[in-house]
Amino acid sequence: LQCPVYVIESEWNDETPAKRVELTCNTSDEALPVYWKKGSELKGTGKTLIAEVKEFPDAGNYTCLTANTHEIVSYDFFLITKIDSNGQMIRSILKSFKEPNRTFLKCEAKNYSGIFICSWMIENESPNVKFTIRSLKGSQADVTCSSPVAHTDKSVTEYTAQCQKENYCPFAEEHQPIEMFLEVIDEVEYENYTSSFFIRDIIKPDPPQCQYVATNGTVTWTYPRTWSTPKSYFPLTFRVKVESTKKRKNQVYDAEEQSIQIPMTGPKDKISVQARDRYHNSSWSEWSSLCR
């Protein structure tokens, strides 16, 4: 948010009165005659103005100008965030992900490098939406993020930003969670969302690469190329899925090593592998492409 921008919390029902906000023209000359405009509409004269802000048309830019030369002296910009009767923010720009548990900001890491990807979604009706994503550690923030990239799919647009925790040590215990803060502005509507996590909790490896040896029914696989090394310190655990065309059901086998012998697979059975951090109960990878 650029100064001077103010976010007004407006309870989104007919009964609640508008918020009264006193604006002061930023002039050192007390005798200077000034007036206030919002867009092309005259709002009042004098150094102070009481603005009533409730609906979106009340928000926007209130400008103080000199009465003689009509020069801009100062301005105040108002955004509105909708709240319910309990004071909770109503989010209508951001759309929630179903997993994990209806969050509005989803962050995932492929490994323990300190690099992670954060995602959020909006509906496609809003061409002028602006975003800011940052860490909540103040000016000496230890997380930097790239500009968001949009991926549009039918009715929603998903945005992703790659973030990196500076001076992150993959071998050290994490004591302080990372707090990511997302701000969203659509014209004059404002929303935000905070997500707090340790890197170890948002780990989701890439899928392993696997192959199937038909002579003895062995499936073998390699660690994902993007996974942290050495693998003796960052071991993965695996699941192997056999989708049978005849039995119409799936068999899933657990494995700690990088191969497993599967008896009696049909020639059309589909085999794939997924991986997860062996020591921390974070997310499973997606299933690999078929092993044969």
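Residues numbered from 1 in each chain as written. Predicted model: local features only at pLDDT ≥ 70, side-chain atom pairs only at ≥ 80, totals over all residues. Heavy atoms only, no water.

**With respect to the UniProt feature "domain: Fibronectin type-III" (unreviewed entry) in the protein**
Inclusion rule: UniProt positions are given in the numbering used here, feature names are shortened, and annotations may be inferred rather than shown by experiment. Numbered from the N terminus, helices here are DSSP runs of H or I no shorter than four residues, and strands are runs of E no shorter than two.
The positions UniProt marks with the feature "domain: Fibronectin type-III" (unreviewed entry) are residues 204–292. Annotated as residues 204–292, this span is 0% helix and 39% strand, and its ends, taken at the C-alpha atoms, are 24 Å apart.

**Some remarks on the state of the cysteines**
The condition is simple: We call a pair of cysteine sulfur atoms a disulfide when they lie within 2.5 Å. For each residue, the accessible area found with a 1.4 Å probe, counting protein chains only, is set against the maximum for its type, and the residue is called buried under 20%, exposed over 50%, and partly exposed in between.
For the coordinates displayed, the defined rule picks out four disulfides. A disulfide bridge connects Cys 107 with Cys 118, and the sulfur atoms are separated by 2.1 Å. Across the disulfide from Cys 107 to Cys 118, rotation about the S-S bond amounts to roughly 105 degrees, and the bridge is consequently right-handed. Here the residue Cys 107 occupies a position in strand 9 (residues 106–108), and Cys 118 occupies one in strand 10 (residues 115–123), the gap between them amounting to 11 residues. For the pair Cys 107 and Cys 118, a shared accessibility class is recorded, and that class is buried. One disulfide in the model links Cys 210 with Cys 291; its S-S distance is 2.0 Å. Between Cys 210 and Cys 291, the disulfide has an S-S torsion of -95 degrees and is therefore left-handed. Remark: Cys 291 occurs in the segment after strand 22 (270–277) and Cys 210 occurs in strand 17 (residues 209–213); sequence separation between them is 81 residues. Neither Cys 210 nor Cys 291 differs from the other in exposure class; each is buried. Taken N- to C-terminal, the disulfide-bonded cysteines of the protein are connected 1-2, 3-4, 5-6, 7-8.

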